Amino acid sequence: MKGCNLFQGKWVFDPSYPFYLPSKCPFVDPEFDCHGRPDKQYLKYAWKPDACSLPRFNGASFLGKWRGKKIMFVGDSLSLNMWESLVCMIHASVPNSKTTYVRRDPLSFVYFEVSFLFLLNVFHFSYIK
């Protein structure tokens, strides 16, 4: 990413988008679904910097990197939209993970309880001397 200017680029059509559908995400307030437009094509665009490629969002990797930490969004409806988008993207990436959702005014929480498993596969190597 060195030398990549994230602010110079263009929006490109990507049929693999969107990451999630608001109607399928349990964290989107049904009364405040700003994606209620009949035209859904705008959801299929991704930002592409001119000089580099952005990696696709990986919710499991994100959870692993932020394990044991808290992320807080503070603000108005714009911050609420960003918060809902992030938790919905994570939920779509790891849909079978156990979550705890507490919605209270003025503070709401979503906890993702994820288990990371490791299976040791023992290989026998012959060393050539």
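Preceding this section is the structure that the text describes.
Residues numbered from 1 in each chain as written. Predicted model: local features only at pLDDT ≥ 70, side-chain atom pairs only at ≥ 80, totals over all residues. Heavy atoms only, no water.

K.L.:
Just checking my understanding: could you explain the packing of aromatic side chains for this structure?
P.N.:
The geometry of two aromatic rings is summed up by the distance between their centres and the angle between their planes. Under the definition given, this model contains 9 aromatic pairs. Chaining the aromatic ring pairs together yields one cluster made of Y17, F19, F57, F62 and W66. (Phe/Tyr/Trp six-rings, centres within 6.5 Å; stacked < 30°, edge-to-face > 60°.)

K.L.:
Is there a simple way to explain the state of the cysteines in this structure?
P.N.:
Simply put, the disulfide is a covalent bond whose two ends are the sulfur atoms of two cysteines. The full count for this structure, using the stated rule, is 2 disulfides. Through a disulfide, C4 is tied to C52; the S-S separation comes to 1.7 Å. Within this pair, whereas C4 is found in the segment before β1 (9–13), its partner C52 is found in the loop between β2 (45–49) and α1 (59–65), the two being separated by 48 residues in sequence. Exposure remark for C4: the relative accessible area of 17% places this residue in the buried category. Through a disulfide, C25 is tied to C88; the S-S separation comes to 2.0 Å. Here the disulfide of C25 and C88 is left-handed, its torsion about the S-S bond being about -90°. With C25 in the loop between β1 and β2 and C88 in helix α2 (residues 77–93), the pair connects residues that are 63 residues apart, well separated along the chain. The buried category is assigned to C25, whose relative accessible area is 7%. Of note for the protein: the bonded cysteines, numbered N- to C-terminal, pair according to 1-3, 2-4. (Disulfide = S-S within 2.5 Å. Helix = DSSP H or I, 4+ residues; strand = E, 2+ residues; numbered from the N terminus. Buried < 20%, exposed > 50% of the residue type's maximum accessible area, 1.4 Å probe, protein only.)

K.L.:
Help me understand the nonpolar core in this model?
P.N.:
Considering soluble globular proteins, one finds that nonpolar side chains tend to be buried as a cluster. Counting 15 residues, the largest nonpolar core has C25, F27, V87, C88, I90, V110 and F112 as the members making the most contacts within it. Counting only elements with at least two residues in this core, the list comes to α1, α2 and β4 (108–113). Counting residues per element, this core draws most heavily on α2, at 6 residues. Residue contacts for V110: discarding those within four places in its chain leaves F27, W83, V87, T100 and Y101. (Core = buried A, V, L, I, M, F, W, Y, C linked by side-chain atoms within 4.5 Å. Contact = heavy atoms within 4.5 Å.)

K.L.:
I keep staring at the environment of T99 and nothing clicks. Help me out?
P.N.:
Its place among the elements puts T99 in strand β3 (residues 98–103). Under the relative-accessibility criterion, T99 is labelled partly exposed at 28%. Sequence separation between T99 and Y111 is 12 residues; the distance between their C-alpha atoms is 5.4 Å. Ignoring any residue separated from it by four or fewer positions in sequence, one finds T99 in contact with F27, Y111 and F112.

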